[in-house]
Amino acid sequence: MIRARGAGEQVLRDSGAPYAIVRPGWLTNSAAGGVRLEQGDRGDGSVSRETVARATVAALLNPESHGKTFELYDGPAELDWPTAFTDLKTD
């Protein structure tokens, strides 16, 4: 399963289309709260479905997210999405 996900992500990266790959942690039905973004498959934790929806919309609306892959978890604080995306490393 993980190999298939990785292969699909690589096809998207190689396509030349603008993209942001959002990798959510374990999904919960909790209300959205703070957010934590990480890269490199090092994180562990859960994230609300509402937070995933908000992050996905933010990634669509902010070109600073393009060309980046990130993990998404519940965290201690709300984010300024453009700044958070700018701080991420490009793939």
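Model, not experiment: these values are computed from the prediction. (Residues numbered from 1 in each chain as written. Predicted model: local features only at pLDDT ≥ 70, side-chain atom pairs only at ≥ 80, totals over all residues. Heavy atoms only, no water.)

Draft legend 1. The arrangement of a nonpolar patch on the surface in detail. Taken together, V57, L60 and L61 make up a surface patch of nonpolar side chains, about 340 Å² in accessible area. With respect to the helices and strands, the residue L60 is situated in helix α2 (residues 49-61). Judged by its relative accessible area of 67%, L60 is exposed. (Patch = residues over 30% accessible without salt bridge, like charges linked within 9 Å, V, L, I, M, F, W, Y side chains within 5 Å. Areas by Shrake-Rupley, 256 points an atom, 1.4 Å probe, with all protein chains shown as cover. Salt bridge = Lys/Arg side-chain N within 4 Å of Asp/Glu carboxyl O. Helix = DSSP H or I, 4+ residues; strand = E, 2+ residues; numbered from the N terminus. Buried < 20%, exposed > 50% of the residue type's maximum accessible area, 1.4 Å probe, protein only.)

Draft legend 2. The arrangement of helix α1 (residues 2-14) in detail. The terminal C-alpha atoms of α1, which comprises 13 residues, lie 18 Å apart, in line with the 18 Å expected from a rise of 1.5 Å per residue. With its phi angle positive at about 85 degrees, G16 sits one or two positions after the end of α1. (Expected span 1.5 Å × (residues − 1).)

Draft legend 3. Spatial organisation of the pairing of strand β1 (residues 20-24). What you see with β1 is a clean split: I21 and R23 sit on the buried side and A20, V22 and P24 on the side with no burial. Examined bridge by bridge, β1 and strand β5 (residues 68-75) share five bridges and lie parallel to one another. Looking across to β5, one finds that V22 is bridged to F70. (Pairing = 2+ DSSP bridges.)

Draft legend 4. Spatial organisation of the sheet that holds strand β3 (residues 34-38). The sheet built from three strands is open, its strands ordered β1-β5-β3 with mixed pairing. Every other strand in the sheet has two partners, leaving β1 and β3 as the edge strands with one partner each. For this sheet the average axis-to-axis angle between neighbouring strands, irrespective of direction, equals 35 degrees. The strands touched by α1 within the sheet are β1 and β5, with β1 carrying the most contacts at an inclination of about 160 degrees. Across the sheet, α2 touches β1, β3 and β5, and the angle it forms with β5 is around 145 degrees. (Axes fitted to C-alpha atoms, helices over the stretch in contact; angles between N-to-C directions. Contact = heavy atoms within 4.5 Å.)

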